[in-house]
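Topology and contacts: notes
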Amino acid sequence: MANCDGRRKEVIAIIGGGISGLLACKYAISKGFDPIVFESESSIGGVWSKTIESTKLQTPKPLYQFSDFPWPDSVTEVFPDQHTVLEYIESYARHFDLVRHIQFNNKVLSLSYEDDGGNGTSREWMSNGKWNVTVQHTPTLSIKVYQVDYVVVCVGKFSQVPNIPEFPQNKGPEAFEGKVIHSMDYSKMDSTTATDFVKGKHVAVVGFQKSGLDIAMESSTVNGVERPCTVIIRTPHWNVPDYFPWGFPMAKLYLNRFSELTVHKPGEGLLLYLIATILSPLRWGFSKFVESYIKHKLGLSKHGMVPDHSFLNELSACLISTVPHGFYDRVEEGRLKLKKAKSFGFTKQGIVLEGQAQPIKSDLVILATGFNGIDKLKHIFESPKYQQLIAGSDDSAAVPLYRECIHPQIPQMAIIGFSESIANLYTSEIRCRWLAELLDGKFKLPSVNMMEKDIAEWDKYKKRYSKKYYRKSCIGALHIWHNDQLCKDMGWNPKRKKGLWAEWFEPYGPMDYTGPI
């Protein structure tokens, strides 16, 4: 139902002003809603608003753009830096007049649901209940409760709640005479403050994903060979030097329909099962082709850094990172030292690695150990029942969501941006379009049992291909298959390209999903 000015009476609250929150806002407006966006910080951009100075886009620029707002011609870099990405996001928000819907410095403290019976126990997603959103205005600490019809949670997983390793008694940071911080705290510093913070110190960085690599590079730039930065690596990864293994575009190996034929898919029929089985040697060959290039280009064998899992496992768990230019050159020069260990602890002098008696002398330890996104997400809810539903069971995927958006037993709520893909921006965009069509009544959700069955199928896929990382909620190497499902729900043609060859062998990207065809 709409007001006389065309706006919908139903109230939508969106939590978070990052990429997914802005997209959810934009597509809710397109359906006549007047959403409220609660952003705990004073600006938009999510992780891009506060990140390490040297961070660059991990996904090639053509795969990381809004379908109706392409990158300006003035941005020529394939991997723009943090400031350029943030400017692009801010330009998008201004272009579509989204900022007027955002309440900055407003942190959502809790969510509670009241169904039409008043007991908050509704099992169906569509109901007549209301969400109570308790919000704190951070400068004044004043608290206000908003009652809304729908909630879209876009808090992401890479902020606010750091993942801190557990240590045996007397071997944690309290035993260390130096300073221990998480990469989250480092990323909040400006360039000058970060430089002064690491300058003249023996720095140890724990972690081998993007934040760890960037911090190690910054530290080695500041301190040189006189005080080399030590990187503690618990699990080597297939971090890529570029996206052209042996000169061949990686997108043509993994981002087209043919490549997805080699992977067993959730809900596949007998024919697709047989095709994926027959093509399994090709799937193995794709991985070995990329792995051989990374090993050659970066000299992984020489440094003892060859992972024990396949590149497909890495891709399926959304763990792909690009190695900063010159990283292994600095290892050769002695500005960086790589140390592998399954576990570590602290002493007065620094870090002690499993199986080694001598500690690594350190003044500063930076834990680039990721974030506990599940913990952050589930504690938004007042209800212990909803907290448990979000966390899932021990043997299930991290957040059990239908279409990677909706928990079947949590009514009138969507979670966007928590489940990852190879290119998160355009995956979030199509999910937000799907959600807007759902709220607009263009299609209906299946029964709770049918949604839970579909979630279980995706769970099996994640466990099969992501191995020990499957709880990361990642659609990995099946982003086209996932988008096909969303398109079919919305009444769109899932085949987005012109011509049979292009449909099967050309990579898919954001511009293939500009609208229904």
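A brief look at the structure comes next. On a predicted model such as this, the values are computed, not experimentally measured, just so you know.

Reading the values: rules and limits
Starting from 1, residues in each chain are numbered consecutively following that chain's sequence as written. The model is predicted, so local features are restricted to residues of pLDDT at least 70 and side-chain atom pairs to those at 80 or more, both for listing and for counting; the totals for chains, interfaces and linings are taken over all residues. To obtain the side-chain values, all non-hydrogen atoms of the structure were used and water was disregarded. Numbering of helices and strands runs from the N terminus; a helix is a DSSP stretch of H or I covering at least four residues, while a strand is a stretch of E covering at least two. In this setup the radius of gyration rests on C-alpha atoms only. A globule is expected at 2.2 Å times the number of residues raised to 0.38. Only protein chains enter the area calculation, which uses a 1.4 Å probe; residues under 20% of their type maximum are buried, those over 50% are exposed, and those in between are partly exposed. Any two residues having at least one pair of non-hydrogen atoms within 4.5 Å are treated as being in contact. As used throughout, the charge tally considers Lys and Arg to be positive and Asp and Glu to be negative, leaving His and the chain termini uncounted. Charge coordinates come from a single atom per side chain, which is NZ of Lys, CZ of Arg, CG of Asp or CD of Glu. Strand pairing is defined by DSSP finding a minimum of two bridges between the two strands. In this analysis, axes come from line fits to C-alpha atoms, helices being fitted only over the stretch in contact, and the angle between any two N-to-C directions falls in the range 0 to 180 degrees. Disulfide: a pair of cysteine sulfur atoms within 2.5 Å of each other. Salt bridge criterion: a side-chain nitrogen from Lys or Arg within 4 Å of a carboxyl oxygen from Asp or Glu. Each angle gets one of four labels, with under 35 degrees taken as roughly parallel, over 145 as roughly antiparallel, 65 to 115 as roughly perpendicular, and the rest as oblique. Working rule for handedness: look at the near helix, and if it is turned counterclockwise from the far one by less than a right angle, call the crossing left-handed; if clockwise, right-handed. Lys, Arg, Asp and Glu make up the charged group, whereas Ala, Val, Leu, Ile, Met, Phe, Trp, Tyr, Cys and Pro make up the nonpolar group; the residues left over, Gly among them, are polar.

Counting its regular elements, the protein contains 17 helices and 16 strands. At 23 Å, the protein has a C-alpha radius of gyration in line with the 24 Å of a compact globule built from 517 residues. Projected onto its principal axes, the C-alpha positions of the protein cover 70 × 60 × 50 Å. Sorting the 517 residues of the protein into buried and exposed places 57% on the buried side. For the protein, long-range pairs separated by at least 24 residues make up 71% of all intrachain contacts whose partners lie at least 6 apart in sequence. Positive and negative side-chain charges in the protein, numbering 61 and 56 respectively, have mean positions lying 4 Å apart.

Glancing now at the sheet that holds strand S5 (residues 130–137). Taking strand neighbours across the sheet as the criterion, the three strands line up as S4-S5-S6 in an open arrangement whose pairing is antiparallel. Taken across any chain shown, the strands that pair with only one partner, and hence form the sheet edges, are strand S4 (106–114) and strand S6 (142–148). Neighbouring strand axes in the sheet, compared pairwise and without regard to direction, differ in orientation by 20 degrees on average. Judged from the eight bridges that link them, S4 and S5 form a sheet pairing that is antiparallel.

Where two cysteines share a covalent bond between their sulfur atoms, that bond is called a disulfide. This structure, assessed with the given rule, holds one disulfide. Here Cys405 is not disulfide-linked; the sulfur of Cys432 is the nearest cysteine sulfur, at 7.6 Å. For Cys405, a relative accessible area of 1% puts it in the buried group. This cysteine, Cys487, is not joined by any disulfide, and Cys405 carries the nearest cysteine sulfur, 13 Å off.

Here the focus is the pattern of salt bridges. Two side chains that carry opposite charge are able to pair once their charged atoms sit near each other. Applying the stated criterion across every chain, the model contains 20 salt bridges. Lys130 is the partner of Asp149 in a salt bridge, and the nearest nitrogen-oxygen pair spans 2.6 Å. Residue Asp149 is located in the loop between S6 and strand S7 (150–153), and its partner Lys130 is located in strand S5; the two are separated by 19 residues in the primary sequence. Across the salt bridge formed by Glu333 and Arg335, the nearest N and O atoms sit 3.0 Å from each other.

For the pair helix H1 (residues 19–30) and helix H2 (residues 82–95), interaxial distance at closest approach is 11 Å and the crossing angle is 15 degrees. The pairing of H1 with H2 is recorded here as roughly parallel in orientation. Between H1 and H2 the crossing geometry is left-handed. On the side of H1, the interface is formed by Ile19, Leu22, Leu23 and Lys26, while H2 contributes Ile89, Tyr92 and Ala93.

Secondary-structure assignment places His479 in helix H16 (residues 479–490). Its relative accessible area of 4% is what places His479 among the buried residues. Once residues within four sequence positions are removed from consideration, His479 is found in contact with Leu255, Glu260, Tyr426 and Tyr508.

So, on to the packing of H1 against helix H14 (residues 424–439). Running from N to C, H1 and H14 point in directions that differ by 35 degrees, and their axes come no closer than 9 Å. With respect to the hand of their crossing, H1 and H14 are arranged in right-handed fashion. Contact with H1, carried on its side by Ile19, Ser20, Leu23, Ala24 and Tyr27, involves Leu425, Ser428, Glu429, Cys432, Arg433 and Ala436 of H14 and no other residues of that element. The class makeup of the residues in the contact of H1 with H14 is seven nonpolar, two polar and two charged.

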